[in-house]
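# Coordinates in review
This is what each chain is made of:
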There are 2 protein chains.
Amino acid sequence: MVKRTSFEHDDCPIARSLDALGDWWSMLIIREALFGVRRFGEFQKKLGLAKNILTVRLRALVDQGILKTAPASDGSAYQEYLLTPKGRGVFPILVALRQWSEEFDERPEEIATILVDKEKGRPVRKLELHSQDGRLLGAEDIALKPRPAGKQGKRATA
Amino acid sequence: MVKRTSFEHDDCPIARSLDALGDWWSMLIIREALFGVRRFGEFQKKLGLAKNILTVRLRALVDQGILKTAPASDGSAYQEYLLTPKGRGVFPILVALRQWSEEFDERPEEIATILVDKEKGRPVRKLELHSQDGRLLGAEDIALKPRPAGKQGKRATA
DNA sequence: TCCAATGGTTGCATCATTAAACCAGATTGC
DNA sequence: GCAATCTGGTTTAATGATGCAACCATTGGA
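In short, a report on the structure. Think of each chain on its own: its residues are numbered from 1, step by step along the sequence as written. Here the convention is simple: chains get letters from A, ligands get numbers from 1, in the order in which they are written. Selection of residues for local features in this predicted model requires a pLDDT of at least 70, selection of side-chain atom pairs for listing and counting requires 80 or more, and totals for whole chains, interfaces and linings are taken over all residues. Hydrogens and waters are ignored; side-chain quantities use all the structure's heavy atoms.

We call two residues contacting when some pair of their heavy atoms lies within 4.5 Å. Tallying the contact residues gives 92 residues for chain B and 93 residues for chain A. Basic side-chain nitrogens of Lys or Arg form a salt bridge, by our definition, when they fall within 4 Å of a carboxyl oxygen of Asp or Glu. Between A:Asp133 and B:Lys120 there is a salt bridge, with its nearest N and O atoms 2.8 Å apart. We call two N or O atoms a polar contact when they sit within 3.5 Å, provided that within protein one can donate a hydrogen and the other can accept it, with sequence-adjacent residues counted only if both atoms are side-chain atoms. At the boundary of chain B and chain A, one finds 45 residue pairs in polar contact (both at pLDDT 80 or more). For the side of chain B that touches chain A, the elements supplying multiple residues, two or more each, are helix H1 (13-21), helix H2 (26-34), helix H5 (85-88), helix H6 (91-104), strand S3 (113-117) and strand S4 (142-146) of chain B. The numbering of helices and of strands both runs from the N terminus, where a helix is a DSSP run of H or I of at least 4 residues and a strand a run of E of at least 2. Per element, the largest residue contribution to the side of chain B that touches chain A is 14 residues, and it comes from H6(B). Note on residue classes: Ala, Val, Leu, Ile, Met, Phe, Trp, Tyr, Cys and Pro are nonpolar, Asp, Glu, Lys and Arg are charged, and everything else, Gly too, is polar. Here the side of chain B that touches chain A is built from residues that sort into 46 nonpolar, 15 polar and 31 charged. Where strand S3 (residues 113-117) of chain A and S4(B) come together, five bridges link them in antiparallel fashion. Across the sheet, A:Asp117 pairs through a bridge with B:Ile142, a residue of S4(B). Following DSSP output, two strands are said to pair if at least two bridges run between them.

Attention now moves to empty space enclosed by the protein. The way it works is a 1 Å grid over only the protein atoms, where trapped points that fit a 1.4 Å probe form a cavity and open points with protein on both sides within 12 Å along at least five of seven lines form a pocket, and then any residue with an atom within 4 Å of a point lines it. Grid points are joined across faces, edges and corners, and a volume is the space filled by probe spheres set on the points. Enumeration according to the criterion identifies three cavities of 30 Å³ or more in this entry. Forming the walls of the largest cavity are A:Arg31, A:Leu34, A:Phe35, A:Phe91, A:Leu94, A:Val95, A:Arg98, A:Leu115, B:Ile14, B:Ile142 and B:Leu144. When contributions to the lining of the largest cavity are tallied by element, the ones reaching two or more residues are helix H2 (26-34) and helix H6 (91-104) of chain A together with S4 of chain B. It is H6(A) that provides the largest number of residues to the lining of the largest cavity, a total of four residues.

Spelled out as structure tokens, the structure:
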């Protein structure tokens, strides 16, 4: 990759996200972590990736504050990898990826699972983007504005 | 990358999405396309990637039904790359990536633009996941169920 | 103490990515 | 209608990320 073109200093937030979790494994590691996987061997078994790659990815995710290592927990003096809030914040991205597959995949019958709400057990609705006054927005309804300098404005409604 | 471990036949919809658009450029190409970019040279200039890679990526995106080529449009007998519905369906994923950056980036001041609703010009709300009966769901409120065999169930509310 | 499992690291082969040079068809100038 | 040039690529060669397999170190158990 000659240098793999880091987007770390790109001013586009999408590029910046991709720089952090834009490879094929990081997202899947976070997905597993969201479902409770914590241990090296468990990630390795579930994802089937090479251990050296897993090592590198886990370290990168820790460096980026997406995972953190906890000294132990279940007795054994091994390490665990836990999601930080930043890591849990990836959840909507995973949902978006999932829903895109569900909607557009060529062979949806190969998709093994559906996302349901835990309380009722029924499929969830599609992710929705709303304006501040509550209107549902599509790709045509949005625009980009230069970030207002200085003032930070809103930072996380949730 | 030895073979990049295709997830094409994985049964996880997230893996399947990543297989289609999980590299660093495809998402950005789609982002540009959503903002109206259509021509080879335009993509190349805006993204600054090597032309051979752009060629490969565009071809892959066309093969996957995310982009389609239109014979011309502005006179010149060149080609254009247009988003299909499947391509436009990537929009929520891009929004999710963007919002993740906005919320968790270490240096949010480097982010140049904000997403606003075109009508009012105000920042949009965060993406929301709802249950069918309208409750707002977080990562803790969801579960996975095996896909009900045979019956296809819902397919796109939007 | 020895053996197995966990959690890695190391080395090597391979393939993807990259930059840069090259090339062909379309367009333009003359 | 012929050369220059622009657009849209392809080819080539270097680099380095990825994957596999072998190896190592520590933990845990018999």
